[in-house]
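# Summary of structural features
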Amino acid sequence: MKVWDLHCDTLSELRKAEHAGRPKSFAQNDLHIDLEKLQKGDYLLQCFAAFVNLGDKTPGADPLVTALEEIDQFKRIMAAYPEKIAPVYTAADIRRNAAAGKISGMLTIEEGAGGVLVPQTEKGLTGKGFEFLAEMERMHMIVDVSHLSDKGFWDIVEHGTRPFAASHSNCRALAPHTRNLTDEMIRALSERGGIAGLNYYAPFLDTDPTHPENCRSTVELIAKHAAHYKQVGGAQMIALGSDFDGIDGPHQLENAAFLPLLADALRKEGFTEDEVEGIYYRNAMRFFEENL
C-alpha cells in the first residue's frame, strides 16, 4: 500500500553527519529513512522538514543558516536520484511523479514560533507571527501546528481562514503530552478541513506514569490513537507523520521499510480497507491537492 508521510527529520541528521565529517549517502544509510527504505515501504511521498533550530545555543549558531543548509540537502538529494525521487512544487507534481514511477519529496519547514516545549507555552503568536500567518495563507502555504503552544493553536483557529495541519501529533486523551492534541483541538482541526499525522514516538503514544520505563512504540498503540482521532474528528482527518530521524528509542516500525505492519494493526482496530488507504495516503493526497 502506498505511503504518504507528513514529517521526518532526515535532512537534519544528514546535515549533522556532514558537519561531523561523516557524510551519509541518501541511497542507503543507518537512518530511519533512505531511498532504499522508501522504496521497500512503497512510499508515494515523503515530507522532509528543514528544522529552524531556535534553541541552538552553540556559539555562532544561526537558525537561518541551519535551515538553508538543510534545504540544500534536500535539493542535492532530488538532483542525485532524478529517476527515483522528484520534488513537489505544485499539487499536479504529485500525480505526475507517481505516473512516472517516482517517489515524491516535499520540502517543509519546522519551528519558527513559540513552541510547546519552551518556557511560557501559554504564549501564542506575536504580531509578526500573525503577519506570517496571513502571508502563508495568501501564498497557499500549509500552516503546521504540531510544534505550537496551545495558545498558538487557538490563534491559528481564530485568525486563520484556510485548512491547516498537525503534521506529527497524537491524541492527548490517550497520552497527555503537550505535543499531542486535546479533543477540542482535534474537533477544531477537523471542522476546518485539516489533517493530523500519527507520530511514532513512544512518549507521544504512551505516557502512563505508572510505567514510564516501559513507554513503547507499537503499531497497536498507533492504531489506538488513530481510532481516537476517528471517534473525535472523523477518519478523513487522519494521516501518517512518523517523525522518523527525529525520534529515539525502540520502535516496532523500525524504519520506513516496515510500514506494512501498521496497516494490519489498523484493520484489527476496526478500520475498513478504505479507511486504511485513507490514513496511508489518500487523505493527505486529497488535502494537498485541495489546498496547495
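The preceding data block contains the structure.
Attention in this report is confined to the structure presented alongside it. (Residues numbered from 1 in each chain as written. Predicted model: local features only at pLDDT ≥ 70, side-chain atom pairs only at ≥ 80, totals over all residues. Heavy atoms only, no water.)

### Points about the side chain of S167
Formally: The secondary structure listing takes helices from DSSP runs of H or I that are at least 4 residues long and strands from runs of E that are at least 2 residues long, numbered from the N terminus. The rule is simple: take the accessible area with a 1.4 Å probe, protein chains only, and divide by the maximum for that residue type; under 20% is buried, over 50% is exposed, in between is partly exposed. Whether two residues are in contact is decided by their heavy atoms, any of which lying within 4.5 Å being enough.
On the secondary structure map, S167 appears in the loop between β5 (165-166) and α7 (183-191). Classification of S167 by relative accessible area gives buried; the value is 5%. Not counting chain neighbours up to four residues away, the residues in contact with S167 comprise L6, H7, D144, S146, G197, L240 and G241.

### Concerning unusual backbone geometry
Phi at D243 takes a positive value of approximately 70°, unusual for a residue other than glycine. Mapped onto the elements, D243 comes out in the loop between β7 (238-240) and α10 (260-268). Residue class for D243 comes out buried when judged on its relative accessible area of 5%. Look at D245: it is not a glycine, yet its phi comes out positive at around 65°. As for its position among the elements, D245 is in the loop between β7 and α10.

### Some words on the packing of helix α6 (residues 150-159) against α7
What describes two packed helices is the angle between their axes and the distance between those same axes. We count it as follows: To get an axis, a line is fitted to the C-alpha atoms, and for a helix only the part in contact is used. The angle between two axes follows their N-to-C directions and goes from 0 to 180 degrees. Roughly parallel refers to an angle under 35 degrees, roughly antiparallel to one over 145, roughly perpendicular to one between 65 and 115, and oblique to any angle outside these ranges. A clockwise turn of the near helix away from the far one marks a right-handed crossing, whereas an anticlockwise turn of less than a right angle marks a left-handed crossing. Gly is placed with the polar residues, together with every amino acid not listed as nonpolar (Ala, Val, Leu, Ile, Met, Phe, Trp, Tyr, Cys and Pro) or charged (Asp, Glu, Lys and Arg).
Packing of α6 against α7 brings their axes to within 11 Å, and their N-to-C directions diverge by 25°. Accordingly, the angle class assigned to the pair α6 and α7 is roughly parallel. For the crossing formed where α6 meets α7, the hand is left-handed. Of α7, the residues touching α6 (which contributes D150, F153, W154 and V157) are E184, M185, A188 and L189. Here the contact of α6 with α7 is composed, by residue class, of 6 nonpolar, no polar and 2 charged.

### Points about the environment of H228
Which entries qualify depends on this criterion: In protein, a polar contact means a hydrogen-donor-capable atom and an acceptor-capable atom, both N or O and within 3.5 Å, with residues adjacent in sequence counting only if both atoms are side-chain atoms; elsewhere, any N or O pair within 3.5 Å suffices.
Looking at the element boundaries, H228 is found in helix α9 (residues 219-233). With 57 residues separating them along the chain, H228 and C171 place their C-alpha atoms 7.2 Å apart. Polar contacts involving the side chain of H228 include one to the side chain of D183, which spans 2.7 Å.

In short, the description is geometric, and any link to function would need to be established separately.
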